[in-house]
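Here is how the chains run, residue by residue.
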Amino acid sequence: MAEKSSSSVFGFRGFGGNNQKRLKYEIEEEEEGTMEMVQIGANRTKNVLILMSDTGGGHRASAEAIRDAFRLEFGDEYQVFVKDVWKECAGWPLNDMERSYKFMIKHIQLWNLAFHSTSPRWIHSAYLAAIAAFYAKEVEAGLMEYKPDIIISVHPLMQHIPLWVLKWQGLQKKVVFVTVITDLNTCHRTWFHPGVNRCYCPSEEVAKRALLDGLAESQTRVFGLPIRPSFCRAVLSKDDLRVELDMDPELPAVLLMGGGEGMGPVKKTAKALGASLFNEELGKAIGQLIIICGRNKDLASTLESLEWKIPVKIRGFETQMEKWMGACDCIITKAGPGTIAEALIRGLPIILNDYIPGQEKGNVPYVVDNGAGVFTRSPKETARLVAEWFSTKTDELKQMSENALKLAQPNAVFDIVKDIHELACQRGPLANIPYVFTSSFSSLI
C-alpha cells in the first residue's frame, strides 16, 4: 500500500483588495510521485466547466448566459470556465467543427444529410467511440485541467466522450454532469445521454424526445432556453428607449434581423418594407424600420446608399439587442432559437423567414402553432403583413404580442443554475473526494 504524506499550504483567490480570500490547501504526495492539492473546508470554491463550440452562435450565448447567472446568484461560490475543449485539445475532426459547420450551412443540403444520417444511435455512438479511440488522452487532459465539480454541456457532441472519461476515471460520483439543450423544439439525438445527472429541456416537446431516448423523468427539467441575465432582467420603457435610440416616438417599428453574419433576404425584405410602410395616398410613413446587419459590412453599406421614404436605422453587430427589441413592435428573423426566445420575452410578434433544416425546422410550428407569429419566405408577403399589422390589423398584432409573452420563459437561466446548485449540494462529502488520475482510460484504448 502506498505511503502518503501531507502538508498544508495557503493560497489566495482574487485580484487584490477586499476580493482577496485566503484558502487552505492540503498537499498529498503518494509513493509513486503523484501529487494532489485539495482545498479544505466547506466553503471551497467549486469549479464549473461549460463545454461549448462555436457551431452557430447559440451555444456560446447559452454558455455565457449560464456563467453570468452563476455569478449573479452565487458570487464566488463557483468559478466558471467556458471552454471549447475540442478545439483546444483534440485533433481533426473535433478541432475543426466550427469551420465544417459553416461550410455545410452554406451548402444546406449537405447539412440536412449530415443531420439526419447521424441520428440513429448506433451510427453516432460508433462515430464518437472511434473519435474517442484517437483522442482519449487529449480530451481527458483537457477536461481534467480544470478539476471540475460540475460539467455543463451546451453542445450535442459534448456528452458521450466526457461521460466516458468520468466513468473510466471513477469520477461519476464526484462530478455533476448536466446537459442544457440549446435547440428549442427539434434537436439531434446526440443531445440525449442516459448517463447525465440532469437534462434541461427548453420545451415540452424536447422533454418528450428525451424520454423516448432513454432518459428518466427524474433526469429531465423543462425550464426554457437560457438567455443572458442582462436581457431577462432588463426593465425597459419603450418610450424611453425610443428617445435613447433616436427613433420616431410615435410610429410603430419593425426590427429586421440578419443574424450575426447578416445573412438571408435582408436587402429584398428591407426594400419591400420601405415601400409597404409608406402610404402613397397620405404621403407619409405608417411605420419605421430597424435593420440589424450583423458583421455584414457590405450589406450595411448597400442599404445606407438607398433612398428611403420611411424612417430607417441601419445597424451593424449589436450587443444590446434588449434595447432594440424593447423599442420595436414586431420582428422579422430566421428561426434561430436564441432570437425567438428573446423576442418572446419582449412580447414581439415574429415573422420567421427561413430556418436551418434539422435543428431549426421545429421552431416554426413552435411559434406559429402557439399564435406568436407567422412563417413566410416571401419578402413581399412579409412587407404586406407588417403593413397590415401597423394599420388595419392592430388587434391581431396585439393578440400575437400577448401570446408571445405567455410562451416566454424569462427566468429559465436562473432556474437552471439554481437546480444545478441543488444537485451539487446533494453530493455532500462525495464532492470532496480528491482527483486521483488513473491510467484506466488510456489503457482501454
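Residues numbered from 1 in each chain as written. Predicted model: local features only at pLDDT ≥ 70, side-chain atom pairs only at ≥ 80, totals over all residues. Heavy atoms only, no water.

**Some details on the side chain of His59**
Structurally, His59 can be placed in helix α1 (residues 58-74). You can call His59 buried: its relative accessible area is 10%. From its side chain, His59 meets the backbone oxygen of Val154 in a polar contact 2.8 Å long. When near neighbours in sequence (up to four residues on either side) are disregarded, His59 contacts Met52, Ser53, Val154, His155, Pro156, Thr182 and Trp191. (Helix = DSSP H or I, 4+ residues; strand = E, 2+ residues; numbered from the N terminus. Buried < 20%, exposed > 50% of the residue type's maximum accessible area, 1.4 Å probe, protein only. Polar contact = N/O pair within 3.5 Å; in protein donor to acceptor, adjacent residues only side chain to side chain. Contact = heavy atoms within 4.5 Å.)

**Regarding the sheet that holds strand β7 (residues 176-180)**
Strand pairing in a sheet relies on backbone hydrogen bonds. The paired strands run either parallel or antiparallel. Spatially, β5-β4-β6-β7-β8-β9 is the arrangement adopted by the six strands of the open sheet, whose pairing is parallel. Sheet topology places β5 (78-83) and β9 (220-222) at the edges, where each strand pairs with a single neighbour. Across the sheet, the mean angle separating the axes of adjacent strands is 20° when strand polarity is ignored. Alignment of strand β6 (residues 150-153) against β7, held across four bridges, turns out to be parallel. Bridge pairing in β7 places Ile152 opposite Val178. (Pairing = 2+ DSSP bridges. Axes fitted to C-alpha atoms, helices over the stretch in contact; angles between N-to-C directions.)

**Quick notes on the packing of α1 against helix α17 (residues 412-427)**
Orientation of α1 relative to α17, taken along the N-to-C sense of each, is 65°, at an axis distance of 9 Å. Classified by the angle their axes make, α1 and α17 are roughly perpendicular. Both α1 and α17 take part in a crossing whose hand is right-handed. Contacts from Ala65, Ile66, Ala69, Phe70, Leu72, Glu73 and Phe74 in α1 reach Val413, Phe414, Val417, Lys418, Ile420 and His421 in α17. (Parallel < 35°, antiparallel > 145°, perpendicular 65-115°, else oblique. Left-handed = near helix turned anticlockwise from the far one by under 90°.)

**Looking at the nonpolar core**
Counting 36 residues, the largest nonpolar core has Trp86, Leu143, Ile161, Ile181 and Phe192 as the members making the most contacts within it. Mapped by element, the contributors of at least two residues to this core are β4 (46-51), α2 (85-89), α5 (121-144), α6 (160-168), β8 (198-201) and α7 (204-212). Excluding its chain neighbours within four sequence positions, the residues that come into contact with Trp86 are Leu94, Asn95, Met97, Val139, Leu157, Met158, Ile161 and Pro162. By size, the runner-up hydrophobic cluster in this structure holds 35 residues, among which are Ile227, Ala335, Ile350 and Leu407. (Core = buried A, V, L, I, M, F, W, Y, C linked by side-chain atoms within 4.5 Å.)

**Points about the confidence of the model for the chain**
Predicted coordinates in regions of low pLDDT should not be interpreted in detail. For the chain, mean pLDDT is 85; residues scoring 70 or higher make up 85% of the total. Throughout residues 1-42 the model reports pLDDT below 50, and contacts reaching past four residues in sequence, or to other chains, amount to 71 contacts. Low pLDDT (under 50) marks residues 439-445, which in the prediction has 15 contacts with non-local residues, meaning those over four places away or in another chain. (pLDDT = per-residue confidence, 0-100.)

**A look at the pairing of strand β10 (residues 253-257)**
Within β10, five of the five residues are buried, which leaves it mostly tucked inside the rest of the structure. In β10, alternate side chains face the same way, and those of Ala253, Leu255 and Met257 on one face and Val254 and Leu256 on the other are all buried.

**Description of α17**
Because each turn of an α-helix spans 3.6 residues, side chains separated by three or four positions end up pointing in the same direction. Taking 1.5 Å per residue, 16 residues should reach 22 Å; α17 reaches 23 Å between its end C-alpha atoms and fits that length. Along α17, the positions that sit buried rather than exposed are Ala412, Val413, Phe414, Ile416, Val417, Asp419, Ile420, His421, Leu423, Ala424 and Arg427. (Expected span 1.5 Å × (residues − 1).)

**Details of the sheet that holds strand β16 (residues 350-352)**
Read across the sheet, six strands follow the order β14-β13-β10-β15-β16-β17 without closing on themselves; strand pairing throughout is parallel. Strands with a single pairing partner mark the edges of an open sheet, and in this sheet they are β14 (312-315) and β17 (373-375). The sheet shows a mean angle of 15° between the axes of neighbouring strands, taken without regard to direction. Where β10 and strand β13 (residues 288-292) come together, five bridges link them in parallel fashion. By the bridge assignment, Val254 is partnered in β13 with Leu289.

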